[in-house]
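# Understanding the architecture of this molecule
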Amino acid sequence: MVKIEHASTSVFRPAGTVEGLEELRSLVNTAIDVLAAAHTVRGGPVREGGPAAAAEAARRALAGPLLPAEPAEPATAFRELIEAYAEFSVDVTHPAAVARMQCPPTTVAAAAELVTATLNQSLHAWESGPFALELEKYVVGELTRLAGYGPGSGGTLTAGGSLSNLMALLAARDNTAARRGAGRPFQDGIAALERRPVVLCSPATHFSIGRAAGIVGIGEDAILRVPTDLVGRILPAETDRMLAELGDDVLPIALIACAGSTDEGWVDPLPELAEIARRHNVWLHADAAYGGGALFSPRLRGMLDGLAEADSITMDLHKFGWTPASSGIFLVKDADSFGPLAQQTTTLNAGDDKEAGYFGLYGTSIQATRRSDALKIAVTLRTLGRDGLAAMVDRCHDQARHAAARIAAEPRLELAAEPAFSTVLFRYLPADDRIDADAFNGALRRRLMAEGTALLARTRVPRADGSQPVFLKLMMLNPATADADLDLVIDSVLDTAAKALAEQQS
Ligand SMILES: *Cc1c(COP(=O)(O)O)cnc(C)c1O
C-alpha cells in the first residue's frame, strides 16, 4: 500500500501538522498571556476614548503594510495584532458590558473553537467532515427534543438568528405555496405566484424578518403588523380577523410569533397562534433567538408553552447558551420542510453516494462550505448539563429583577415594565423639562461608552399615546455578575447623568 506523508515548508507549517501544532501551542500561550493582560489595559468594559480612540489604536497597530512583501515571524506578527485587538475589544465578561446579546463563552467552547479552526471541517459533503456531520445530527436532535419537537423533526446550525429567520421565510414561502397549489417560487420566481404573498407579525418582531422578506422576494412592505395588547403581545382575535379578511388575491405565507422579543422579552400567545395558523393553513414560525434560553429553565420554560406547535423555530445559543457566535439554530417540525434546498442535486450530493451512506448537509443549508459550530455547542451542553444551564438562565432573570427593583426605587429613573426575561428598559428623566429626554438619554449612553464606564443598548418603547420615547436597555447574559455590580452600573448612570446636567447648566 502507498503511504503518503504530511509536509511543511519553512514558510508554511499548517496548524494541524506535528510541527504546526508545536508552533500553535506556543501561539496559544502567547494568546492567553495577551488576553489576561488586556483586562488591565482596558480597565473596564471597553477602553475609554470612543470611536476616535479605536480608530487611532487600529492606525497604530496597522501602521506597517497589512500585506508586506516579505513573510514575517509568526510569533511577532501574531502578538502585535492580537494585543491591539484584545485591548480595544469589548470585554463581554465585564459586569458593565450589558448592551448587546453577546454572552461570555465557556472555556470549553473557546477551546473547542481552536480544535474546530485547526481541523477546519465542513458540513457540505461527507469527505469534508465525517464526524462533524454526525455531531451536527446529534446536536440538532438534542435541540429538537429541548424545543419539544418529536421524531420526524429536523434542523440545521446556522450563522445566526438572522440567517435562521431567512431560512424560515424561505421554508414558509415554498411549503405554503406547495400546500395551497399556488406555485413553485424557488423555481419559477415570486412573480409567477398568482397571489400576492404576505407575512403577519407583531410590531416588536426582529428587523431580520423584514430583511428576510425582502431577500426571499416577498418584500418588506408585504409584512402586515398585527395589533397587540398594551404589553406588546400579538392579539389572537386580531390575527384571526386579519387572516380571514385577506382578499382572494393575497397568499398569507407565514405568521411570525415572537418567542422572546428582543427588547422586552415578551412571548406572543403561541398556543392560540398555532391554532389560528393551522385553521388558515399558514406556516407558523417562532422566533426564539433570544427567548429560547428559557427552555433550559424549569422556572421559565412555561413562558414558551406551545413552542413545539410552530412549524419552525429560530434559536441562538450565542445568546443564552454561552457559546461564541455563530451558534444559530433553525429547527423544523417536519424534517422534509427544507424544500428546494433539499431537492437541489449537485456533485455534492449525488444519488448513488447518498445511497451508499456518503451524505452531506448541503441540502439543509444556504451555504456550501460551512464551518462546524456543533463542537463548541456539544461540549458546552455536556459540561454545564441541564441543571447548570437552568441555574445560569435563572441567575440572569434574577439580575434583571434586581436591577428593575433598584431602578423603580430611583426617583430620576423610569422603568418601562417589569422584566419578562433578562432585559431591563429604563430612562433617565431630567428634572428640567426644557431638556429633551430622548436626546439626553442618547447622549448619556454615548458618554458612558466614550468614558469606558458602561455599555448599554438603546431602543424606543411604543406608548399607548403613539409616542416612542428613547429608553436605555440592560441585557443580562452573564450569570457571574453580582447584584452589587449591577448597582454600580446604575450608580454610574446616575453619576454620569448628574455630571452631564451640571455641565449643561454651567
Ligand atoms: C438576536 C435576535 C435575532 C438575530 O439574531 P443574530 O444571531 O443576531 O443574527 C433575531 N430575532 C430575535 C428575537 C433576536 O433577539
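None of the values given here were measured: they were computed from a predicted structure. (Residues numbered from 1 in each chain as written. Predicted model: local features only at pLDDT ≥ 70, side-chain atom pairs only at ≥ 80, totals over all residues. Heavy atoms only, no water.)

By the burial criterion, the buried members of helix H10 (residues 270-280) are Leu270, Leu273, Ala274, Ile276, Ala277 and His280. An end-on view of H10 places all buried positions within 165° of arc, on one side of the element. The inward-facing, buried residues of H10 abut helix H9 (236-245), strand E5 (250-258) and strand E6 (283-288). Note on H10: the residue one or two positions beyond its end, asparagine 281, has a positive phi of about 55°. (Buried < 20%, exposed > 50% of the residue type's maximum accessible area, 1.4 Å probe, protein only. Helix = DSSP H or I, 4+ residues; strand = E, 2+ residues; numbered from the N terminus. Arc of directions from axis to C-beta. Contact = heavy atoms within 4.5 Å.)

Across the sheet, five strands lie side by side as E1-E11-E12-E10-E9; this open sheet has mixed pairing. Either end of the sheet is taken by a strand with one partner, and the two such strands are strand E1 (97-98) and strand E9 (413-415). Examined bridge by bridge, strand E11 (residues 455-460) and strand E12 (residues 470-475) share four bridges and lie antiparallel to one another. Of the residues in E12, the one forming a bridge with alanine 457 is lysine 473. Seen against the sheet, helix H13 (residues 374-408) touches E9, strand E10 (423-428) and E12 and runs at an angle of roughly 20° to E10. Sheet contacts for helix H15 (residues 483-505): E9, E10 and E11; angle to E10, the most-contacted strand, approximately 20°. (Pairing = 2+ DSSP bridges. Axes fitted to C-alpha atoms, helices over the stretch in contact; angles between N-to-C directions.)

This brings us to the pattern of salt bridges. Tallied over the entire structure, the rule returns 38 salt bridges. Between arginine 79 and glutamate 83 there is a salt bridge, with its nearest N and O atoms 3.0 Å apart. One end of the pair, arginine 79, and the other, glutamate 83, are both in helix H3 (residues 74-87), four residues apart, so they sit about a helical turn from each other. Arginine 79 gets classed as partly exposed once you look at its relative accessible area, which sits at 34%. (Salt bridge = Lys/Arg side-chain N within 4 Å of Asp/Glu carboxyl O.)

At the junction of alanine 325 and serine 326, the peptide bond is cis and its omega measures out at 0° in the coordinates. By the element assignment, serine 326 lies in the loop between strand E7 (312-316) and strand E8 (328-332). Despite not being glycine, asparagine 281 has its phi angle at roughly 55°, a positive value. With respect to the secondary-structure elements, asparagine 281 resides in the loop between H10 and E6. Owing to a relative accessible area of 28%, asparagine 281 belongs among the partly exposed residues under this scheme.

All right, on to the packing of helix H14 (residues 437-450) against H15 then. At a closest axis distance of 10 Å, the pairing of H14 and H15 adopts a crossing angle of 115°. Here H14 lies roughly perpendicular to H15, going by the angle between them. With respect to the hand of their crossing, H14 and H15 are arranged in right-handed fashion. Contacts between H14 and H15 involve Phe440, Leu444, Arg447 and Leu448 from the former and Ser492, Val493, Thr496, Ala497, Lys499, Ala500, Leu501, Glu503 and Gln504 from the latter. Here the residues of the contact of H14 with H15 are counted per class, giving seven nonpolar, three polar and three charged. (Parallel < 35°, antiparallel > 145°, perpendicular 65-115°, else oblique. Left-handed = near helix turned anticlockwise from the far one by under 90°. Nonpolar A, V, L, I, M, F, W, Y, C, P; charged D, E, K, R; others polar.)

Attention now moves to the site of the ligand. Taken together, 15 residues are adjacent to the ligand, and Gly161, Ser162, Asp287, Asp316 and Lys319 come closest. One of the side-chain N or O atoms of serine 162 is found 2.7 Å from an oxygen atom in the ligand. One of the side-chain N or O atoms of aspartate 287 is found 2.6 Å from a nitrogen atom in the ligand. With three residues, helix H6 (residues 161-179) is the single largest residue contributor to the shell around the ligand. (Near = heavy atom within 4 Å. Polar contact = N/O pair within 3.5 Å; in protein donor to acceptor, adjacent residues only side chain to side chain.)

Counting 112 residues, the largest nonpolar core has Leu307, Ile313, Val424, Leu456, Leu474 and Met476 as the members making the most contacts within it. The leading source of residues in this core is H13, at twelve residues. Each of domain 2 (121-370) and domain 3 (386-505) gives at least three residues to this core. Among all residues touching valine 424, those that are not within four sequence positions of it are Ala400, Ala403, Ala404, Ile407, Leu415, Pro419, Leu472, Lys473, Leu474 and Met476. (Core = buried A, V, L, I, M, F, W, Y, C linked by side-chain atoms within 4.5 Å. Domains from an automatic or database assignment.)

Turning our attention to the pairing of E10. Counting buried residues along E10, six of its six residues qualify, which places the element largely inside the surrounding structure. Residues of E10 alternate between two faces, with Thr423, Leu425 and Arg427 on one and Val424, Phe426 and Tyr428 on the opposite face, all of them buried.

Our next topic: the sheet that holds strand E3 (residues 196-201). Here seven strands make up an open sheet; going across it, the order is E2-E8-E7-E6-E5-E3-E4 and the pairing mixed. Each edge of the sheet is formed by a strand with only one pairing partner; in this case those strands are strand E2 (154-158) and strand E4 (223-225). Neighbour-to-neighbour, the strand axes of the sheet open up by a mean angle of 20°, direction not taken into account. Examined bridge by bridge, E2 and E8 share five bridges and lie antiparallel to one another. Bridging from a neighbouring strand, glycine 155 pairs with leucine 331 of E8. Relative to E3, H9 is tilted by about 175°, and along the sheet it contacts E3, E4 and E5.

Domain annotation for the chain reports domain 1 (18-90), domain 2 (121-370) and domain 3 (386-505). Placing a centre on the C-alpha atoms of domain 2 and another on those of domain 3 gives a separation of 32 Å. Taken together, the 19 residues of domain 2 in the interface contact 25 residues of domain 3. Together, the buried faces of domain 2 and domain 3 total about 1900 Å²; carbon and sulfur atoms form 66% of this surface. Across the domain 2-domain 3 interface, the total number found is three salt bridges. Among the salt bridges present, the one from aspartate 398 reaches arginine 299, with a minimum N-O distance of 3.0 Å. For the pair domain 2 and domain 3, the number of links is ten residue pairs in polar contact (both at pLDDT 80 or more). (Buried area = accessible area lost by both parts, 1.4 Å probe.)

Helices that pack against each other are described as a pair by the angle of their axes relative to one another and the distance between those axes. At a closest axis distance of 8 Å, the pairing of helix H4 (residues 107-119) and H13 adopts a crossing angle of 150°. Considered as vectors, H4 and H13 are oriented roughly antiparallel to each other. You can see that H4 and H13 cross each other, and the crossing is right-handed. Across from Val108, Ala109, Ala112, Glu113, Val115 and Thr116 in H4, the residues of H13 making contact are Leu375, Lys376, Val379, Thr380 and Thr383. Looking at the contact of H4 with H13, its residues break down into six nonpolar, three polar and two charged.

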